[in-house]
Amino acid sequence: MSINLNDYKELLEDLEPESVELLHHAWPEVVKIFSPRGLDNYLKGVSALQRLGRGRSLVDCWIDEIPLVAKEVGEDIIADLATSALSLASRTSGAVIELVLATSPTAAKRLGDTQLFQNYLQFLNTLIAQAPRGIRPMLNKLDILFGQLTLGGLRRWAMWGAHAHRTNYEEQVKYFGLDSKESLAILQKERKGTLFVDVQRRINMYLRALWGRDFFMKPTSGDFESREGYKPFIENYFIHLPDAYDSHGDVSATEVYRAAAAHAAAHLVETKVPISAEGLNPMQMAIIAIIEDARVEELSIRHFPGLRKAWSALHSATPDMNASMGDYLNRLARALLDLDYKDKDPWIVEGRKLFKAAQDNLNSYQISWDIGVQLTHSFRTKNIPFNARTDILTAPYRDDNRYFWEFEEFDFNKSLTAGYQAPKQVRKYVNVMEFANEVEVETAGDDAQEIWVMGTEFFPYEDNGVSFNQTEGKEPVSAPYHYSEWDYQIQLERPDWATVQEKRAKLGDMQCIDDIALQYKREIARMKFLLDAMQPQGTRRIRKLEDGDEIDINAAIRSMIDIRMGMQPDPRIMMRSVRKVRDISVLVLLDLSESTNEKVSGRDHTVLDLTRQATVLLANAIDKIGDPFAIHGFCSDGRHDVEYFRFKDFEQPYNEIPKARLAGMTGQLSTRMGAAMRHASHYLKLQKSAKKLLLVITDGEPADVDVRDPQYLRHDTKKAVEEASRCGILTYCMSLDPRADQYVSRIFGERNYLVVDHVEHLPEKLPVLYAGLTR
């Protein structure tokens, strides 16, 4: 792709001359920041804002400020920023959008991470809906706010003001402009000690001075939802530190950052081989992790003795702490590090003795394994239970130890060059002549460096209407989607653990879909009035308001009459016109496991037949209302093969093709529900609707061939529900399993499920349920 501005004349032909001149002036610096793909997104943003018709200053602001944003958090964020700016256009003025763009470099510099900046854009989208008068004064004070608050603190401060002054616009402006006492009080309450962005450069130099190499660090968004934040962790060989730390006793927050970064760096430097978690229970893993922490710290202290004092100052365990196993773990961690700490407990003494005897063999992780297993056996004599959720280390600098456990492929060489990726397989689209004449290796497999694809099907000379794709080709393989899974026993996510592969849905006889519509003709007619009532009702006037868009003449006359009669007038003489529209996206996720092929008790049809009938009725109902909807299905054969079928997508009309795909769906394999729900949530997140619904239809609990513990996938599915909820997605489950009450409420919530004991009633209940969920 060219980097000459004259090659983009088609995108820039509508720009005003002043904007074109400004772009020419900025171009030499712009091409240094963006890749060709980034330049394309940048200029498409210029063109889109020009077509928005909100004035030249908005376009000029994009030209000036966006390169600074890309310089701080990367060019991948530009498309999201442009989408957010365009979505705000229907809800606020061009001046506010311009202010959002003008302050984006400040936010990018203070946040320093792509994911955090995406969360910031989502926060602005939420705030402008709840406190539209507060967005402008808040953006004017953004540098002050980000100088004292994390993104989570800013969100809580803003939401407090939005809820407290929902209808009092004058106080709303004062609050968000930091002109009210309560605003400053909440600001002080949410204020953190030291922000990561303020010390990141110093911590980088500190680690480089110790180990003579660069380490890649990122802030976490753990403070976004709660004040607690995440523990430090290492993922993909990047050190993730909390976006803010408070001081810990007499230790300043900056020293806590240094200790946390040095401890994580010690893991990266001293861990040569991962520790296998196979065959270990959670208690053994917790104690082995303590010994492994002590091992890497001791090796680092041999090179840099001052680290012992820095780490010891953050341990606060004392010998009188003996209420839980967590107390003993914290005492052991301190005892192995702090030489001046005295503890006479036999278990602590044994741990110190074993670790001291292994001083000459600390280069091998096997020491951690051996000592940890032996101490686990010794601890059982105390008869104190272990709780993986509550028995954790309290030292703030310790990470969660996910790095050295062998839950995924470990590449030590990659750990030395973190941040760089090997070249990916290239998919190249060619024409017929290139495809026919330039194939070099006819026997090349799917792992070839280049995959050549024709944009259209290739037909033989014989005009039989059958292409080579149909006769000799094979089903195209989509790019794999990797999702983490939650392991409830160790209370950690297994990163990139499950692989979702999208498969092409087979076509069936569409006549069966028409037969279903004919069979339930009465139900469809009965729903006609319900569906008509759900249609948007146009504009509605809300009267008796103190602050509105126009004066209510009748109310104003009544108030004047009250004044003339010496009575107290009603001040609510304004009214506002509100347009009632539906703004919801729905994704129906079908369980297509082998169990759906079983026949319903006392009936000739299968569970899959009923699921198909219910889906057809629901699709007809949603299509009549006009809501954007998608219908997907899934099954699984182990964690490496979660098959995902897209029968209908959001932008696709509900016509013959989706109906034929529904007619051809079959039941097979198992039910790895968590991974499928995460993939479905991925598609729902791409929708711009205010309300998003994920409706899961299943006939059993989550299960798979490679999982023996029945609780494992239940907890993972519950985690997937929680993740979707944090993204604004409502999940609802309709279960056809009569025994589902035992587990489905714990997964989806008390009010977010329905158990259909008599599955033959499913086609009647599903559309009515949808009507209730989307009112």
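Residues numbered from 1 in each chain as written. Predicted model: local features only at pLDDT ≥ 70, side-chain atom pairs only at ≥ 80, totals over all residues. Heavy atoms only, no water.

Trainee: Tell me about the overall build of the protein, residues and numbers included.
Mentor: In terms of regular secondary structure, the protein is built from 32 helices and 18 strands. Burial status across the protein gives 49% buried among its 775 residues. For the protein, the accessible surface area stands at approximately 39600 Å², while carbon and sulfur atoms represent 49% of it. (Helix = DSSP H or I, 4+ residues; strand = E, 2+ residues; numbered from the N terminus. Buried < 20%, exposed > 50% of the residue type's maximum accessible area, 1.4 Å probe, protein only. Areas by Shrake-Rupley, 256 points an atom, 1.4 Å probe, with all protein chains shown as cover.)

Trainee: I'd like to hear about the pairing of strand β9 (residues 492-503), residue by residue, with values.
Mentor: Consecutive residues of a regular strand have side chains that alternate between opposite faces of the sheet. In the sheet, strand β8 (residues 481-487) pairs with β9 via 6 bridges, with the strands oriented antiparallel. Looking at the pairing, Glu-485 lines up with Arg-494 of β9. Hairpin remark: β8 followed by β9, antiparallel, with 4 residues in the connecting loop; positive phi at Gln-491, about 55 degrees. Sheet analysis places β9 next to strand β15 (residues 642-648), joined by 4 bridges and oriented parallel. Within the sheet, the bridge partner assigned to Lys-503 lies in β15 and is Phe-645. (Pairing = 2+ DSSP bridges.)

Trainee: Describe the side chain of Ser-180, naming the residues involved and giving the relevant values.
Mentor: With respect to the helices, strands and loops of the structure, Ser-180 is situated in the loop between α11 (169-176) and α12 (181-190). Setting aside anything within four residues of it in sequence, one finds Ser-180 in contact with Lys-174 and Tyr-175. (Contact = heavy atoms within 4.5 Å.)

Trainee: So what about the pattern of salt bridges? Which residues, and what values?
Mentor: All chains considered together, the criterion is met by 28 salt bridges. Measuring nitrogen to oxygen at the nearest pair gives 3.0 Å for the salt bridge that ties Glu-723 to Arg-678. Placement of the pair is Glu-723 in helix α30 (residues 710-726) and Arg-678 in helix α29 (residues 673-685), with a sequence separation of 45 residues. A residue is classified by how much of its surface remains accessible, and Arg-678, at 7% relative accessible area, is buried. Linked through salt bridges whose partners overlap, the residues forming this network are Glu-485, Arg-672, Asp-704 and Asp-706. (Salt bridge = Lys/Arg side-chain N within 4 Å of Asp/Glu carboxyl O.)

Trainee: Report on the sheet that holds strand β2 (residues 217-220), specifying residues and quantitative values.
Mentor: In spatial order, the strands read β2-β4-β3; together these 3 strands make up an open sheet with mixed pairing. Of all strands in the sheet, those with a lone pairing partner are β2 and β3 (233-235), marking the two edges. Adjacent strand axes in the sheet meet at a mean angle of 35 degrees when their direction is disregarded. Sheet topology note: the β3/strand β4 (residues 238-242) ladder contains 3 bridges and is antiparallel. Bridging across to β4, Glu-235 finds its partner in Phe-238. With respect to the sheet, helix α13 (residues 196-211) is in contact with β2 and β4, its orientation differing from that of β2 by roughly 150 degrees. (Axes fitted to C-alpha atoms, helices over the stretch in contact; angles between N-to-C directions.)

Trainee: Tell me what's going on with the packing of aromatic side chains, and back it up with residues and numbers.
Mentor: Counting across every chain of the model gives 18 aromatic pairs. For the pair Tyr-120 and Phe-123, a centre-to-centre distance of 6.5 Å together with 40 degrees between the ring planes defines the contact as tilted. Of this pair, Tyr-120 and Phe-123 both sit in helix α7 (residues 114-130), separated by 3 residues, roughly a single helical turn. The class of Phe-123 is buried, set by a relative accessible area of 3%. Judged by centre distance (6.0 Å) and plane angle (75 degrees), the rings of Trp-211 and Phe-215 are edge-to-face. By relative accessible area, Trp-211 is classed as buried at 17%. (Phe/Tyr/Trp six-rings, centres within 6.5 Å; stacked < 30°, edge-to-face > 60°.)

Trainee: Go over unusual backbone geometry with me, naming the residues and quoting the values.
Mentor: Of note in the backbone geometry, Asn-383 takes a positive phi value of approximately 55 degrees without being a glycine. You can see Asn-383 is positioned in the loop between α19 (366-379) and α20 (412-416). For Asn-401, which is not a glycine, the phi torsion comes out positive at approximately 65 degrees. Here Asn-401 shows up in the loop between α19 and α20.

Trainee: Pulling in residues and values, what's your account of the packing of helix α3 (residues 36-52) against helix α4 (residues 56-73)?
Mentor: Remark: α3 packs on α4, axes separated minimally by 9 Å, with the N-to-C direction vectors making an angle of 160 degrees. Overall, the two elements α3 and α4 adopt an arrangement that is roughly antiparallel. Judged by the sense of rotation from one axis to the other, the crossing of α3 with α4 is right-handed. Where α3 abuts α4, its residues Tyr-42, Gly-45, Val-46, Leu-49, Gln-50 and Leu-52 lie against Leu-58, Val-59, Trp-62, Ile-63, Ile-66 and Pro-67. In the contact of α3 with α4, the residues fall into 10 nonpolar, 2 polar and no charged. (Parallel < 35°, antiparallel > 145°, perpendicular 65-115°, else oblique. Left-handed = near helix turned anticlockwise from the far one by under 90°. Nonpolar A, V, L, I, M, F, W, Y, C, P; charged D, E, K, R; others polar.)

Trainee: Could you give me a rundown of the sheet that holds strand β17 (residues 729-735), with the residues and numbers involved?
Mentor: Pairing in this open sheet of 8 strands is mixed, and the strands run β8-β9-β15-β14-β13-β16-β17-β18 from one edge to the other. Where the open sheet ends on each side, the last strands, each with one partner, are β8 and β18 (753-755). For this sheet, the mean angle separating the axes of adjacent strands, direction not counted, is 25 degrees. As defined by bridge partners, strand β13 (residues 584-591) adjoins strand β16 (residues 691-698) across 7 bridges and the pair is classed as parallel. Along β16, the bridge assignment pairs Leu-587 with Leu-694. Contacting β13, β14 (629-636) and β16, helix α27 (residues 607-625) runs over the sheet at an angle of about 155 degrees to β14.

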